[in-house]
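Tertiary structure, described
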Amino acid sequence: MVQNTRAAGRPAHHPVATLAHVPSNLDSALLTGWARAATQALERHRAEIDRINVFPVPDGDTGTNLLLTMRSAADALPANGEPAGRVAQAMAAGAMRGARGNSGFILSQVLLGVSEAVTAMGAQPSGGRVLADALCRAHRLATAAVSRPRQGTVLSVLAAAARAAMVAGAVALEAVAEAAASAAATALRATTGQLPELSRAGVVDAGGLGLYLVLDALASVLGGRPAADELPAGDTPQPACGH
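The following paragraphs examine the structure supplied in this document. (Residues numbered from 1 in each chain as written. Predicted model: local features only at pLDDT ≥ 70, side-chain atom pairs only at ≥ 80, totals over all residues. Heavy atoms only, no water.)

Let's shift gears to the overall build of the protein. When helices and strands are counted, the protein shows nine helices and zero strands. Reading the secondary structure of the protein in the N-to-C direction produces α-α-α-α-α-α-α-α-α. Long-range pairs, those at least 24 residues apart, make up 71% of the contacts in the protein between residues at least 6 apart in sequence. Total accessible area on the protein stands at roughly 10600 Å², and carbon and sulfur atoms take up 53% of it. (Helix = DSSP H or I, 4+ residues; strand = E, 2+ residues; numbered from the N terminus. Contact = heavy atoms within 4.5 Å. Areas by Shrake-Rupley, 256 points an atom, 1.4 Å probe, with all protein chains shown as cover.)

The next thing to look at is helix α3 (residues 84–98). Here α3 spans 21 Å end to end across 15 residues, near enough to the 21 Å set by a 1.5 Å rise per residue. Among the structural elements, α1 (28–51), α2 (62–75) and α4 (101–120) are those in contact with the buried residues of α3. (Expected span 1.5 Å × (residues − 1).)

A word on the packing of α1 against α3. When two helices pack together, their arrangement is given by the angle between the helix axes and the distance between those axes. Contact geometry of α1 with α3 gives a least axis separation of 8 Å together with a crossing angle of 25 degrees. With respect to α3, the axis of α1 lies roughly parallel. Relative to α3, α1 is oriented so that their crossing is left-handed. Here Ser28, Leu31, Thr32 and Ala35 of α1 come into contact with α3, specifically with Ala84, Val87, Ala88 and Met91. Looking at side-chain class alone, the contact of α1 with α3 contains six nonpolar, two polar and no charged residues. (Axes fitted to C-alpha atoms, helices over the stretch in contact; angles between N-to-C directions. Parallel < 35°, antiparallel > 145°, perpendicular 65-115°, else oblique. Left-handed = near helix turned anticlockwise from the far one by under 90°. Nonpolar A, V, L, I, M, F, W, Y, C, P; charged D, E, K, R; others polar.)

Okay, the side chain of Thr39 next. With respect to the helices and strands, Thr39 occurs in helix α1. Accessibility expressed as a relative area gives 7% for Thr39, which makes it buried. Ignoring sequence-local partners within four residues, the contact set of Thr39 consists of Leu67, Met70, Arg71 and Ala74. (Buried < 20%, exposed > 50% of the residue type's maximum accessible area, 1.4 Å probe, protein only.)

What follows deals with the pattern of salt bridges. Applying the stated rule across the entire model yields six salt bridges. Of the charged contacts, one joins Arg137 and Glu116 as a salt bridge, the two residues approaching to 3.3 Å between their closest N and O atoms. With Arg137 in helix α5 (residues 127–144) and Glu116 in helix α4, this pair connects stretches of sequence that are 21 residues apart. Given a relative accessible area of 31%, Glu116 falls into the partly exposed group. A salt bridge links Asp133 to Arg137, with the shortest nitrogen-to-oxygen separation between them at 2.9 Å. (Salt bridge = Lys/Arg side-chain N within 4 Å of Asp/Glu carboxyl O.)

What follows is about the layout of surface pockets. In this model, the largest pocket occupies a volume close to 540 Å³. Lining the largest pocket are 24 residues, and of these Phe55, Pro56, Asn102, Ser103 and Ile106 lie nearest its centre. Looking at the lining of the largest pocket, the elements with two or more residues in it are α2, α4 and α6 (154–168). For the lining of the largest pocket, the leading source of residues is α4, giving five residues. Looking at side-chain class alone, the lining of the largest pocket contains 10 nonpolar, nine polar and five charged residues. (1 Å grid on protein atoms, 1.4 Å probe; cavity = no way out; pocket = protein on both sides within 12 Å on 5 of 7 lines; lining within 4 Å. Points joined across faces, edges and corners; volume = space filled by probe spheres on them.)

On to unusual backbone geometry, then. The step from Phe55 to Pro56 runs through a cis peptide bond, and the omega angle for that step is 0 degrees. Among the secondary structure elements, Pro56 is positioned in the loop between α1 and α2.

Structure, rendered in structure tokens:
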């Protein structure tokens, strides 16, 4: 089970890159810092994600697949000085080339949604609005890629993050990122009670946990705070009392 505890003697992990100022848009520096921070978050928690991988089949490779996919996206980052649209496109293309398994493919669709939104932002609208658009695009793309979408999976976590980002509106980018990550954590906890396989094992959805870490990495880079180390634990509904 994913426990809401910190491993003994394990230091807090800080973001790979913090920014001297909070950008108003998803610019090149932020996208680069996010890719690297997300890769490191998945590296730290790969074994844990693999261990709780029981749906759709208990093959124990979701964490590894997510890490390889995100690492491929980070490896594709262009040299400094490229515009944000070019950086986002390179990340998405790298993720698509390196996608492993269903979870990796869905992550590549998330990054494709980000790429589409950043490329379309044109007149530099609010970064918060662009992130909300990115997550909504990501949800549409990822859902369309799954033949039988089900509640309690990474799609549920992504849907909650997208809704929260849209509700937050065109406020500061940092606030929208935190709202999306917080909603993802709440939705992740709920997955334990939404799928019988997860409920029996007492774990959260492995793919959803990986997505939460990716979204939290963005919020951590923006906020200059440590990335998540205490992971959301499952929230299994209690049985009803007899009459």
